[in-house]
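Here's the letter readout for the chains.
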Amino acid sequence: MFGITDLGTYLLGTIAIVLLPGPNSMFVLSVAARCGVRAGYAGAAGVFVGDAVLMLLTALGAASLLRAVPALFIVIKVVGAGYLTWVGLGLLRNAWQRWRGELPPAHPDAAEDLARPFRKALTISLLNPKAILFYVSFFIQFVDPAYAWPGLTFLALGAIAQICSMVYLSVLIVAGARLAAAFVARRRTASAATTGIGALFLGFGAKLATASLG
């Protein structure tokens, strides 16, 4: 169907990959827990748009360009790692302020890094060149080389990935919104959770900084 060679295997693989913790899902969860469902879906929309752009770039051969120009990969990698680190430090600063009682447990404007969830989620999604390479290495395994319209195959594969991502992020948003209610009454619990997510972002930044094209 649509030039997909093994739809069942692709679907199972996509679900497994979507469930792996990453900066996109952690950011959406933190936004929903801090600011509620509406802000959570704003962050999710940023993820969807960012992933769609990466999928389009993949279909247009962006990964080949990154391999042909290693310096470009290094620049994007450094910028992406720096941005993830900046987001992580912002979350840690916010957690410290909340621990000291300088901020309420949950407030949509409490921290700059959560003020514009769509833009920040979009930036986090786009500043990850490894994602482009992942899409190529994963998608290409399920594209029938004999199919007359490979662009349609990439579109179908991308749509399936987006649907899986939408379902998973919706679950995280609902869970985050439930956490928000608890955080209102428990300042230190909210601070500890934000600290944990901030530390994860520092880890994501370090991992991206040491990533390679190999």
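Residues numbered from 1 in each chain as written. Predicted model: local features only at pLDDT ≥ 70, side-chain atom pairs only at ≥ 80, totals over all residues. Heavy atoms only, no water.

**Quick word on the overall build of the protein chain**
Looking only at helices and strands, the protein chain has nine helices and zero strands in total. Each helix and strand of the protein chain, ordered N terminal to C terminal, gives the series α-α-α-α-α-α-α-α-α. Within the protein chain, buried positions represent 46% of all 214 residues. Of all intrachain contacts in the protein chain linking residues separated by at least 6 positions in sequence, the fraction that spans at least 24 positions is 85%. On the protein chain, roughly 10,600 Å² of surface is accessible, and the fraction owed to carbon and sulfur atoms is 71%. (Helix = DSSP H or I, 4+ residues; strand = E, 2+ residues; numbered from the N terminus. Buried < 20%, exposed > 50% of the residue type's maximum accessible area, 1.4 Å probe, protein only. Contact = heavy atoms within 4.5 Å. Areas by Shrake-Rupley, 256 points an atom, 1.4 Å probe, with all protein chains shown as cover.)

**As for the UniProt feature "transmembrane region" (unreviewed entry) in the protein chain**
On the UniProt side, "transmembrane region" (unreviewed entry) is annotated at positions that read residues 12-33, 40-65, 71-92, 121-142, 154-177 and 189-209 here. In this annotation, residues 12-33 is assigned 86% helix and 0% strand; the end-to-end C-alpha distance for the span is 28 Å. The span residues 154-177 is 100% helix and 0% strand, and its two end C-alpha atoms sit 34 Å from each other. (UniProt positions renumbered as here; feature names shortened; annotations may be inferred.)

**Describing the packing of helix H2 (residues 23-35) against helix H6 (residues 117-126)**
Contact pair H2 / H6: the axes reach a minimum separation of 9 Å and the direction vectors enclose 165 degrees. Compared by their axis directions, H2 and H6 come out roughly antiparallel. Read as a crossing pair, H2 and H6 show a hand that is right-handed. Across the interface between the two elements, Pro 23, Asn 24, Phe 27 and Val 31 from H2 touch Pro 117, Lys 120, Ala 121, Ile 124 and Ser 125 from H6. (Axes fitted to C-alpha atoms, helices over the stretch in contact; angles between N-to-C directions. Parallel < 35°, antiparallel > 145°, perpendicular 65-115°, else oblique. Left-handed = near helix turned anticlockwise from the far one by under 90°.)

**Here we look at the packing of helix H3 (residues 37-59) against H6**
Between H3 and H6, the shortest axis-to-axis distance is 7 Å and the interhelical angle comes to 30 degrees. On the basis of the axis angle, H3 is roughly parallel to H6. Crossing handedness for the pair H3 and H6: right-handed. Residue-level contacts link Ala 39, Ala 42, Gly 43, Ala 45, Gly 46, Val 47, Val 49, Gly 50, Asp 51, Val 53 and Leu 54 of H3 to Pro 117, Phe 118, Ala 121, Leu 122, Ser 125 and Leu 126 of H6.

**Brief notes about the nonpolar core**
Counting residues in hydrophobic clusters, the biggest one holds 39 residues, and the most contacted among them are Tyr 10, Phe 139, Leu 157 and Leu 169. Residue assignment for this core shows that the elements contributing at least two residues are helix H1 (7-19), H2, H3, helix H5 (70-99), H6, helix H7 (129-139) and helix H8 (150-185). At 10 residues, the largest contribution of residues to this core is made by H8. Discounting chain neighbours no more than four positions away, the residues touching Phe 139 are Tyr 10, Met 55, Phe 134, Phe 154, Leu 157 and Gly 158. (Core = buried A, V, L, I, M, F, W, Y, C linked by side-chain atoms within 4.5 Å.)

**Notes on the environment of Asp 51**
Here Asp 51 is to be found in helix H3. What makes Asp 51 buried here is its relative accessible area of 9%. Separated by 84 residues in sequence, Asp 51 and Tyr 135 have C-alpha atoms that sit 9.7 Å apart. Beyond its immediate chain neighbours, meaning those up to four positions away, Asp 51 contacts Asn 24, Ser 125, Tyr 135, Gln 162 and Ser 165.

**Structural notes on the packing of aromatic side chains**
Evaluation of the coordinates by the stated rule reveals one aromatic pair. On the basis of an interplanar angle of 65 degrees and a centroid distance of 5.3 Å, the ring pair of Tyr 10 and Phe 142 is categorised as edge-to-face. Taken together, the positions of Tyr 10 in helix H1 and Phe 142 in the loop between H7 and H8 put the pair 132 residues apart, joining distant regions of the chain. Side by side, Tyr 10 and Phe 142 carry an identical accessibility label, which is buried. (Phe/Tyr/Trp six-rings, centres within 6.5 Å; stacked < 30°, edge-to-face > 60°.)

**Digging into a nonpolar patch on the surface**
The grouping of Met 1, Phe 2, Leu 7, Trp 149, Leu 152 and Leu 155 at the surface amounts to a nonpolar patch, some 650 Å² of accessible area in total. Residue position: Phe 2 is located in the segment before H1. (Patch = residues over 30% accessible without salt bridge, like charges linked within 9 Å, V, L, I, M, F, W, Y side chains within 5 Å. Salt bridge = Lys/Arg side-chain N within 4 Å of Asp/Glu carboxyl O.)

**Side note on the side chain of Thr 153**
Relative to the helices and strands, Thr 153 resides in helix H8. For Thr 153, a relative accessible area of 0% gives the class buried. If sequence neighbours within four positions are ignored, Thr 153 has contacts with Phe 2, Gly 3, Ile 4, Phe 142, Val 143 and Tyr 147.

**Some remarks on H2**
Because an α-helix packs 3.6 residues into every turn, residues spaced three or four apart end up facing the same way. Compared with an ideal rise of 1.5 Å per residue, which puts 13 residues at 18 Å, H2 spans 18 Å between its outermost C-alpha atoms and is within 8% of the ideal. In terms of burial, H2 is a largely internal element, 12 of the 13 residues being buried. Along H2, the residues that are buried comprise Pro 23, Ser 25, Met 26, Phe 27, Val 28, Leu 29, Ser 30, Val 31, Ala 32, Ala 33, Arg 34 and Cys 35. Looking one or two places after H2, you find Gly 36, whose phi comes out positive at around 100 degrees. (Expected span 1.5 Å × (residues − 1).)

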